[in-house]
Amino acid sequence: MEAKRAITTARGHRSLRIGHLELSNRVVLAPMSGVTDAPFRRLAARLGAGLVVSEMAACASLARSRPDTRLRIEGQGIGLHVVQIAGCEAHWMAEGARIAQGAGAQVIDINMGCPAKHVTNGASGSALMRDLDHALTLIDATIAVATVPVTLKMRLGWDWRSLNAPELARRAAAAGVQLITVHGRTRCQFYNGQADWQAIRAVKDSVSIPVVVNGDVTSCDEAVAALAASTADAVMIGRGAQGRPWLPGQIARFLATGRREAPPSLEQQLALVTDLYDEMLAHHGTRIGTKHARKHLGWAIDAAAETAGASDELRKAWRMRVLPHDDPRAVRRGLADAFAALAWRAAA
């Protein structure tokens, strides 16, 4: 009975708006550095994600026209184009927002949640939750130049002694932020332990704008549980979509209809990862794209092995055979062989 009530509650809110923009559903692909490049976002959007967010782009690097950073904010063919920016100085935040808009961004997301040391040591990302007054100057600078909705991603706080996400959310909403995403951990937790979805309820209670729950959502049931515990308006999928770009769309359809879907067939999964690989080579260039795609290929083999019910030994063996290759032709052959072997295992 409790599970049915949670599903009914999760399915109760049918639409999500960011300012004047209405999304097709309430499931968002999280921004992930080194993962959510334009090819991956296009694929997730095509497979049903309601919104996809770019990799974090450092505003100072954007302003200096670093090619790799500029590539992060490309969004051709994605649909609603969301660019996430980060920085620690108001001047650079404003400049980054201008550049993002010039690249076609329809929403600008501010990162105040990244826990990585190379980000927080530069007083960016979740380090900003240690100084909310300074954080607000960055929000104000971004909103002052933006002609598109501005959103904000944060954590619960820096550590358990400073759970200040509700305060930051209130102040951000008052400044003009249109949507807030909260990862249910503190910065000092990094990705350890379990995300505390219940703690996000305090953020939801503190603002009237939409709130998105994020952290440890890797299935339809976890999405329902996260929405019920947090009372959030939408759910964000991060690591759960690695190797499974179809997952956000499947969760969105489940929330809308209550119907569960099996993973795509192994034949379909092979077509998806092969197309993604080719797009990454075209997007990044063959030399960089080959390296960039390697982790996606590994995750795809992991997902295929799970679909096939293959042993961990077989999964690791195919990883070792496919991932070391730099020649795209050898990679494509290896993928085809791996998926054929896994299909044979599934049929046995």
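Refer to the preceding data block for the structure.
My aim in this report is to walk through the structure given alongside it, one point at a time. (Residues numbered from 1 in each chain as written. Predicted model: local features only at pLDDT ≥ 70, side-chain atom pairs only at ≥ 80, totals over all residues. Heavy atoms only, no water.)

### A word on helix 15 (residues 328-347)
Taking 1.5 Å per residue, 20 residues should reach 28 Å; helix 15 reaches 29 Å between its end C-alpha atoms and fits that length. All of the buried residues in helix 15 are Pro328, Ala330, Val331, Gly334, Leu335, Ala338, Phe339 and Leu342. When helix 15 is viewed along its axis, its buried side chains cluster within an angular range of 160° and face the same direction. Helix 15 presents Arg329, Arg333, Trp344 and Ala347 as exposed residues on the side facing more than 90 degrees away from its buried surface. You can read the cap of helix 15 off the contacts: a side-chain oxygen lies 3.1 Å from the backbone nitrogen of arginine 329, and it is on aspartate 327. (Helix = DSSP H or I, 4+ residues; strand = E, 2+ residues; numbered from the N terminus. Expected span 1.5 Å × (residues − 1). Buried < 20%, exposed > 50% of the residue type's maximum accessible area, 1.4 Å probe, protein only. Arc of directions from axis to C-beta. Polar contact = N/O pair within 3.5 Å; in protein donor to acceptor, adjacent residues only side chain to side chain.)

### What to know about the layout of surface pockets
The space that makes up the largest pocket amounts to roughly 890 Å³. Considering the residues around the second largest pocket, the lining is formed by 14 residues, among which Arg244, Leu247, Gln250, Glu261 and Pro263 are closest to the centre. Counting only elements with at least two residues in the lining of the second largest pocket, the list comes to helix 10 (220-230), helix 11 (247-257) and helix 13 (286-308). Considering each element in turn, the lining of the second largest pocket owes the most residues, three residues, to helix 13. By residue class, the composition of the lining of the second largest pocket is five nonpolar, four polar and five charged. (1 Å grid on protein atoms, 1.4 Å probe; cavity = no way out; pocket = protein on both sides within 12 Å on 5 of 7 lines; lining within 4 Å. Points joined across faces, edges and corners; volume = space filled by probe spheres on them. Nonpolar A, V, L, I, M, F, W, Y, C, P; charged D, E, K, R; others polar.)

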